[in-house]
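Overview (structure and organization)
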Amino acid sequence: THTHTHTHTHTHTLTLTHGCVAVGKPELFLRIPKVGFIPWALTGGRMPPFFDATPFDPTNFHRWAQDGDVIIASAMKSGTIMLHQIVYLLRSGGKYDFERLIDEVGNMENMKYPEHSLETRITEQNVRRARVGLGNQQWFTHQSPGGKKDLYGLDPKKHPGIKYLCISRNGKEVVRSAFSYINAFTKEGRDVWGGFPPPMKTPQDLLDRLFAHPEIYFEHGAQWWNVRNAPNVWLLHFTDVVSDKKGTIQNIAESLGIELIEELAAVVFEKSSHEFMQQNSKKYISYIGYPGKEMMRVKEGIHIRKGGAQWDAAVKKYWGDKPELIEWALKSGKVE
């Protein structure tokens, strides 16, 4: 009886403590090594913990986004860095003297550490816009319009002065690339976020996660597909980009209103190639961590990869009513 009472009291105290942390300062959960992301998620914390969609709310969006900006909305592991490289080189006239690409482009949703507040990020990004000096800015996002969140800032009809450049990829390739990427997270990077993302043993682990959270890939594709005909939306497929890089560069330049002279086209083509970016991978490292203590999110070079894997069954489940989307999304190039 004494043991039972002691256990009951301990459990009650632990539950009460969790409740107080969740209400008072939930980011403290993320300081628990290896498993802190679990109580964080169970008490309503956003997942992944380092992606915050609130910048796209009506009260926040116009504090950092401006007409003339380009929002690059990429599906997971669908050529995000390559597309940002192309757009940045076009916007800057081929400038390549940056130390890290991630410091030149805008990124409101990606938090570097748990206490990285919205106000701090808005200030940082507005300072960055002024420092880069190109007037307009290009922005990173993995979010999509519609769905459960119905994000105001990603509704192209409400923001005709903003361009939305979206890219997706064959899901079979996404799984292989994402599996390698997630397992390449550094221990130090995981420690910042309470052990997230946990390592995966097989690609099936990733498939299970994507099935449980269809907004990561399936809903992202469907929601951008639904607005693809808006005049300020350009929907790209990874396979088309890599198979016709010159044509893609020309089309993106036209969509952004940039005159593509022969010299600039050659620079963008060369410096957005897989080989060039792999050789210069230090410029594309993603960093996280507290100010003055930044560290690599993943091992160097892991952003610049090629991929492939299996998951056809899920396509029918999530895209069964969109046969044109299925045909488009499952295009594939050579998988290496």
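One can find the structure itself at the top, above this paragraph.
Here is a short report on the structure shown in this document. Bear in mind that the values here come from a model prediction, so they are computed numbers and not experimental data. Here the residue numbering is sequential within each chain, running from 1 through the sequence in written order. In keeping with the predicted nature of the model, local features appear solely for residues at pLDDT of at least 70, side-chain atom pairs appear and are counted solely at 80 or more, and the whole-chain, interface and lining totals rest on all residues. Side-chain calculation: all heavy atoms of the structure are included, whereas hydrogens and water are not.

Re the packing of aromatic side chains
Here a pair means two rings of Phe, Tyr or Trp (six-membered ring of Trp) with centres within 6.5 Å. Their orientation is stacked below 30 degrees between planes, edge-to-face above 60, and tilted elsewhere. If you walk through the whole model with that rule in mind, you get 22 aromatic pairs. Arranged with centres 5.7 Å apart and planes meeting at 45 degrees, the rings of Trp225 and Trp328 form a pair that is tilted. Of this pair, Trp225 sits in helix 9 (residues 218–226) while Trp328 sits in helix 15 (residues 323–329), placing them 103 residues apart in sequence. In textbook terms, an aromatic cluster arises when at least three aromatic residues are bridged by ring pairs, as seen for Phe37, Phe50, Phe51, Phe140, Tyr181, Phe185, Trp193 and Phe196. The rule for a charge over a ring is simple: NZ of Lys or CZ of Arg within 6 Å of the ring centre, and within 35 degrees of the ring normal. Its guanidinium or amino end placed over the ring of Trp225, Arg228 lies 3.9 Å from that ring's centre, counting from NZ or CZ. Positioned above the aromatic ring of Tyr96 is the side chain of Lys271, whose terminal nitrogen or guanidinium carbon lies 5.4 Å from the ring centre. Secondary structure elements are defined from DSSP: runs of H or I of at least 4 residues count as helices, runs of E of at least 2 residues count as strands, and each element is numbered from the N terminus.

Observations regarding helix 11 (residues 245–255)
Type-normalised accessible area, obtained with a 1.4 Å probe on protein chains alone, sets the label of each residue: buried when under 20%, exposed when over 50%, and partly exposed for intermediate values. When we look at burial in helix 11, the residues that qualify are Lys245, Gly247, Thr248, Ile249, Ile252, Ala253 and Ser255. Contacts are assigned to residue pairs that have any heavy atoms within 4.5 Å of one another. The secondary structure elements touched by the buried residues of helix 11 are helix 4 (80–92), strand 3 (163–168), strand 4 (233–237), helix 10 (238–243) and helix 12 (262–271). Immediately beyond the C-terminal end of helix 11, within one or two residues, lies Gly257, with a positive phi of roughly 70 degrees.

Side note on the pattern of salt bridges
We count a salt bridge whenever a side-chain nitrogen from Lys or Arg sits within 4 Å of a carboxyl oxygen from Asp or Glu. For the structure shown, the criterion picks out 13 salt bridges. One salt bridge connects Arg31 with Glu115, and the closest N-O pair in it is separated by 3.4 Å. With a gap of 84 residues between them, Arg31 in the loop between helix 1 (2–24) and helix 2 (37–42) and Glu115 in the loop between helix 4 and helix 5 (118–132) connect regions that are remote in the sequence. Take Arg31: its relative accessible area is 55%, and that puts it in the exposed class. When salt bridges with common partners are traced through the structure, they connect Arg100, Asp103 and Arg128 into a single cluster.

Brief notes about a nonpolar patch on the surface
Nonpolar side chains collect at one region of the surface, where Ile32, Val35, Ile38 and Leu42 lie side by side and expose about 370 Å² of accessible area between them. As for its placement among the helices and strands, Val35 is situated in the loop between helix 1 and helix 2. A relative accessible area of 43% means that Val35 is categorised as partly exposed. Patch definition: residues with relative accessible area over 30% and no salt bridge; like charges joined within 9 Å; nonpolar side chains (Val, Leu, Ile, Met, Phe, Trp, Tyr) joined within 5 Å. Each accessible area value is a Shrake-Rupley result obtained with a 1.4 Å probe; residue values ignore everything except the protein chains displayed when judging cover.

Notes on the nonpolar core
Counting 36 residues, the largest nonpolar core has Phe50, Trp193, Leu206, Tyr217, Phe218, Trp319 and Leu325 as its most contacted members. Broken down by secondary-structure element, the contributors of at least two residues to this core are helix 2, helix 6 (171–183), helix 8 (203–212), helix 9, helix 14 (312–319) and helix 15. The greatest single-element share of this core, amounting to 6 residues, is contributed by helix 6. Ignoring anything within four residues of it in the chain, the contact list for Leu325 reads Gly221, Ala222, Trp225 and Trp319. Only buried Ala, Val, Leu, Ile, Met, Phe, Trp, Tyr and Cys residues count toward a nonpolar core, and they belong to the same one when joined by side-chain atoms within 4.5 Å.

Looking at the sheet that holds strand 4
On the basis of which strands lie adjacent, the open sheet formed by 4 strands has the order 2-1-3-4 and parallel pairing. In this open sheet, the two edge strands, each paired with only one partner strand, are strand 2 (138–141) and strand 4. Adjacent strand axes in the sheet meet at a mean angle of 20 degrees, parallel and antiparallel pairs treated alike. Where strand 3 meets strand 4, 5 bridges bridge the pair, whose relative direction is parallel. When the bridges of strand 4 are listed, Ile167 appears paired with Leu236. Throughout, an axis means a line fitted to C-alpha atoms (over the contacting stretch in the case of helices), and angles, computed between N-to-C directions, take values from 0 to 180 degrees. Strands strand 1 (70–74), strand 2, strand 3 and strand 4 of the sheet are contacted by helix 4, whose axis makes an angle of about 170 degrees with strand 2. In short, DSSP must find at least two bridges between two strands for them to pair.

Here we look at the packing of helix 4 against helix 11
One way to put it is that helix 4 packs onto helix 11 with a least axis distance of 10 Å and a crossing angle of 55 degrees. Considered as vectors, helix 4 and helix 11 are oriented oblique to each other. Seen along the crossing, helix 4 lies across helix 11 with a hand that is right-handed. Here Met82, Leu83, Ile86, Val87 and Leu90 of helix 4 come into contact with helix 11, specifically with Lys245, Ile249, Ile252 and Ala253. Grouping the constituent residues of the contact of helix 4 with helix 11 by class yields 8 nonpolar, no polar and 1 charged. Should an angle fall under 35 degrees it is called roughly parallel, over 145 degrees roughly antiparallel, and 65 to 115 degrees roughly perpendicular, with every other angle called oblique. The sense of a crossing depends on the near helix, which, turned anticlockwise from the far helix by less than a right angle, makes the crossing left-handed and, turned clockwise, makes it right-handed. In this classification, the charged set is Asp, Glu, Lys and Arg, the nonpolar set is Ala, Val, Leu, Ile, Met, Phe, Trp, Tyr, Cys and Pro, and all remaining amino acids, among them Gly, are polar.

Remarks on unusual backbone geometry
Excluding glycine, residues mostly have negative phi values, and the peptide bonds linking residues are mostly trans. Of the consecutive residues Met47 and Pro48, the connecting peptide bond is found in the cis state with omega at -10 degrees. Considering the arrangement of structural elements, one finds Pro48 in the loop between helix 2 and helix 3 (58–61). Across the junction of Phe196 and Pro197, the peptide omega takes the value -5 degrees, indicating a cis bond. Looking at the element boundaries, Pro197 is found in the loop between helix 7 (187–192) and helix 8. The backbone of Lys34 sits at a positive phi, close to 65 degrees, despite the residue not being glycine. Tracing the backbone through its elements, the reader meets Lys34 in the loop between helix 1 and helix 2. Look at Lys34 and you get exposed, because its relative accessible area is 66%. At Lys77, a residue that is not glycine, the phi angle is positive and equals roughly 50 degrees. Here Lys77 is to be found in the loop between strand 1 and helix 4. Classification of Lys77 by relative accessible area gives buried; the value is 14%.

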